[in-house]
Amino acid sequence: MAISLCFFSPFTSNPIYHPRIPLYKPIITFPIPKIINPNSKKIKCIPENPHNLAVIQEKTKWENWLSIAASLYPVYVTVGGVVACLKPSTFSWFVKAGPTSYSLALWFIMLAMGLTLELNELINLLLQRPNSILFGCAAQYTIMPALGVILSKILGLPPSISVGLILLACCPGGTASNVVTLIAQGDVPLSIVMTACTTIAAVLLTPTLTKFLAGTYVPVDAFKLSISTLQVVVAPILVGSYMQHKFPKAVKIFTPFAPLLAVLATSLVSASIFSENVGRLRSSVVGMSFSSDLPLLSRAQNVLASEFGLVAVSVASLHFAGFFVGYLSAALASFSEPQRRAVSIEVGMQNSALGVVLATTHFSSPAVALPAATSAIIMNVMGSCLGFFWRCINPTQPKSSLEVTDKS
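J.: Would you explain the overall build of the protein in this entry?
T.: The helix and strand inventory of the protein stands at 17 helices and two strands. Each of the 408 residues in the protein was classed as buried or not, and the buried ones make up 50%. Contacts spanning at least 24 positions in sequence make up 80% of the contacts within the protein whose residues lie at least 6 apart. Split by element, the accessible area of the protein, about 19,200 Å² in all, is 70% carbon and sulfur.

J.: Help me understand helix α2 (residues 73–86), please; the structure alone is not making it clear to me.
T.: Helical geometry note: an α-helix holds 3.6 residues per turn, so side chains three or four residues apart project in the same direction. Taking 1.5 Å per residue, 14 residues should reach 20 Å; α2 reaches 20 Å between its end C-alpha atoms and fits that length. By the burial criterion, the buried members of α2 are Y73, V77, G80, G81 and A84. Relative to the axis of α2, the buried residues are bounded by an arc of 100° and lie together on one face.

J.: What am I meant to see in helix α7 (residues 159–169) here?
T.: Burial analysis of α7 places nine of its 11 residues in the buried class, which makes it a mostly covered element. Three or more residues of α7 are buried, namely I161, S162, V163, G164, L165, I166, L167, L168 and A169.

J.: Would you explain the packing of aromatic side chains in this entry?
T.: Describing an aromatic ring pair means giving the distance of the ring centres and the angle of the ring planes. Scanning the model with the defined rule gives three aromatic pairs in all. Ring geometry for W93 against F94: centres 5.4 Å apart, planes inclined by 75°, an arrangement best described as edge-to-face.

J.: Just checking my understanding: could you explain the nonpolar core for this structure?
T.: Counting 73 residues, the largest nonpolar core has Y102, L106, M110, V233, L318 and L354 as its most contacted members. For this core, the leading source of residues is helix α9 (residues 188–214), giving nine residues. F91, V180, A271 and M349 belong to the second-largest nonpolar core, a separate cluster that totals 22 residues.

J.: Hey, could you run me through the packing of helix α8 (residues 176–183) against helix α15 (residues 337–348) in this one?
T.: Helix packing geometry: the angle between the two helix axes and the distance between the axes. Packing of α8 against α15 brings their axes to within 9 Å, and their N-to-C directions diverge by 150°. The angle between the axes of α8 and α15 places the two elements in the roughly antiparallel class. Seen from above, α8 lies across α15 with right-handed handedness. Of the residues in α15, those touching α8 at S177, N178, V180 and T181 are A342, I345 and E346. Grouping the amino acids of the contact of α8 with α15 by side-chain chemistry returns three nonpolar, three polar and one charged.

J.: Before we go on, may I ask you to explain the packing of helix α4 (residues 100–116) against helix α10 (residues 222–246) in this structure?
T.: Contact geometry for α4 and α10: axes closest at 7 Å, N-to-C directions at 40°. When the interaxial angle is binned, α4 and α10 end up oblique. As α4 runs across α10, the sense of the crossing is right-handed. Across the interface between the two elements, S103, L106, W107, M110, L111, M113, G114, L115 and T116 from α4 touch Q231, V232, V233, P236, I237, V239, G240, S241, M243 and Q244 from α10. Of the residues in the contact of α4 with α10, the class split is 12 nonpolar, seven polar and no charged.

J.: Is there a simple way to think about the state of the cysteines in this case?
T.: Disulfide: a covalent bond connecting the sulfur atoms of a pair of cysteines. Evaluated as defined, the whole model comprises zero disulfides. Cysteine C170 shares no disulfide, and the gap to the nearest cysteine sulfur, in C171, comes to 7.4 Å. For C170, a relative accessible area of 0% gives the class buried.

J.: What exactly am I supposed to notice about the environment of C171 here?
T.: With respect to the helices and strands, C171 occurs in the loop between α7 and α8. Beyond its immediate sequence surroundings of up to four residues, C171 is in contact with Q140, Y141, T206, Q350, N351, L354 and G355.

J.: In this structure, what is going on with the environment of M243? I would like to understand it.
T.: Relative to the elements of secondary structure, M243 occurs in helix α10. Of the residues examined, M243 reaches a relative accessible area of 29% and is grouped as partly exposed. A sequence separation of 132 residues divides M243 from L111, and the C-alpha atoms of the two residues are 9.7 Å apart. Sequence-distant contacts of M243, that is, excluding residues within four places in its chain, are made with L111, L115, P248 and V251.

J.: Quick question: what am I supposed to make of the pattern of salt bridges here?
T.: Side-chain pairs of opposite charge can arise where the charged atoms are in close proximity. Within this structure, the stated rule accounts for three salt bridges. Taking the shortest distance from any N to any O, the salt bridge between R129 and D187 comes out at 2.3 Å. In this pair, R129 sits in the loop between α5 (119–128) and α6 (130–155) while D187 sits in the loop between α8 and α9, placing the two residues 58 residues apart along the sequence. Across the pair, D187 and R129 agree in class, each one buried. Where R340 meets E337, a salt bridge forms, and the shortest distance between an N and an O atom there is 3.9 Å. Taken together, the positions of R340 and E337, both in helix α15 and three residues apart, correspond to about one turn of that helix. By relative accessible area, which is 23% here, R340 ends up partly exposed. A single network of salt bridges, built from pairs that share partners, joins E337, R340 and R341.

The rules behind these values
- Residues numbered from 1 in each chain as written.
- Predicted model: local features only at pLDDT ≥ 70, side-chain atom pairs only at ≥ 80, totals over all residues.
- Heavy atoms only, no water.
- Helix = DSSP H or I, 4+ residues; strand = E, 2+ residues; numbered from the N terminus.
- Buried < 20%, exposed > 50% of the residue type's maximum accessible area, 1.4 Å probe, protein only.
- Contact = heavy atoms within 4.5 Å.
- Areas by Shrake-Rupley, 256 points an atom, 1.4 Å probe, with all protein chains shown as cover.
- Expected span 1.5 Å × (residues − 1).
- Arc of directions from axis to C-beta.
- Phe/Tyr/Trp six-rings, centres within 6.5 Å; stacked < 30°, edge-to-face > 60°.
- Core = buried A, V, L, I, M, F, W, Y, C linked by side-chain atoms within 4.5 Å.
- Axes fitted to C-alpha atoms, helices over the stretch in contact; angles between N-to-C directions.
- Parallel < 35°, antiparallel > 145°, perpendicular 65-115°, else oblique.
- Left-handed = near helix turned anticlockwise from the far one by under 90°.
- Nonpolar A, V, L, I, M, F, W, Y, C, P; charged D, E, K, R; others polar.
- Disulfide = S-S within 2.5 Å.
- Salt bridge = Lys/Arg side-chain N within 4 Å of Asp/Glu carboxyl O.

Written as structure tokens, this is what we have:
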């Protein structure tokens with residue numbers, strides 16, 4: 001899912017259309033306006049009252065601070081995971097209200113997306129770049145589900161964890177993928193449209209793929225999964241889009257807060273699920289690694305063999321392989337470097353909140369939700385590291401690849 005904001009500098013002399021970008025944006029610098037024709041008459045770009053300028057600058061700075069706060073999403077998730085490990089009771093109030101609380105939180109997250117996503121711009125980008133967008137969406141729903149099944153077999157995961165990993169792999173792209181793409185100097189518009197398209201397609205593809213790939217482990221009701229996905233994903237997006245057109249002034253006031261509130265809600269859901277199962281994970285680690293006086297290497301091997309180790313290793317392997325294979329597939333398809341980065345990040349990062357909601361709602365075993373809950377922490381740490389690594393390497397591409405057209 002993508003929560004996006006559209007912004008431009010009110011002081012540029014030649015305004016250009018800017019694609020909507022997700023969640024965060026860099027601090028905007030206001031360049032000195034260039035005078036196109038020195039002999040031309042004075043043009044009133046903004047009101048002459050200096051107080052109006054102060055209001056505009058103050059509002060822009062205020063929105064920038066909100067964007068910076070939202071960009072700390074990986075920090076919120078990591079801190080939530082640490083708190084869940086050290087003091088699980090912190091999130092007991094939210095856990096006790098589950099799974100309804102998880103569904104409502106995801107509903108709010110998707111509503112925020114609907115309030116900030118311009119459907120007209122989404123359709124225009126889809127029409128302008130159909131091949132790259134369809135390729136990215138196909139990669140999302142082929143690479144990750146296949147990796148989920150392969151890793152489950154290779155690692156010999158228990159049935160419940162296997163189902164949870166496959167369910168996570170069948171989820172659409174996550175909100176954080178747009179942010180990481182921006183950090184990595186990737187193709188942000190491509191990332192946004194891919195996230196939106198895979199999120200909408202999740203109504204059919206996530207339940208169908210989960211039933212087909214995980215049905216051999218436990219019974220999977222694809223119809224109920226589809227209805228739940230429709231209720232917590234598509235419905236709030238449509239409601240948000242309707243409110244955006246029906247009450248534009250009220251939505252405009254709320255829009256700057258939407259990304260920050262959405263990432264906080266996502267962090268709360270992930271930390272709560274993790275805290276609900278941390279006792280079980282901790283006991284498995286302690287029971288295996290500290291029951292006897294073993295060398296450090298042997299203890300580490302026992303930790304990795306425990307339930308906690310299996311979940312962590314399988315989730316980290318899933319995302320790492322998703323980043324690698326996603327980039328490789330885009331390179332083989334002769335996409336530009338920014339597009340390769342966007343596809344890689346989009347494929348490797350999942351909507352873990354949706355995985356948590358579906359797991360807690362439709363599966364009796366709490367272990368099914370563990371991969372999605374753990375993914376919220378591991379995925380964001382790995383994605384952020386990849387984004388900052390790519391930020392240090394400027395993408396090399398011909399000038400023609402910057403055009404908003406499909407190279408194919």
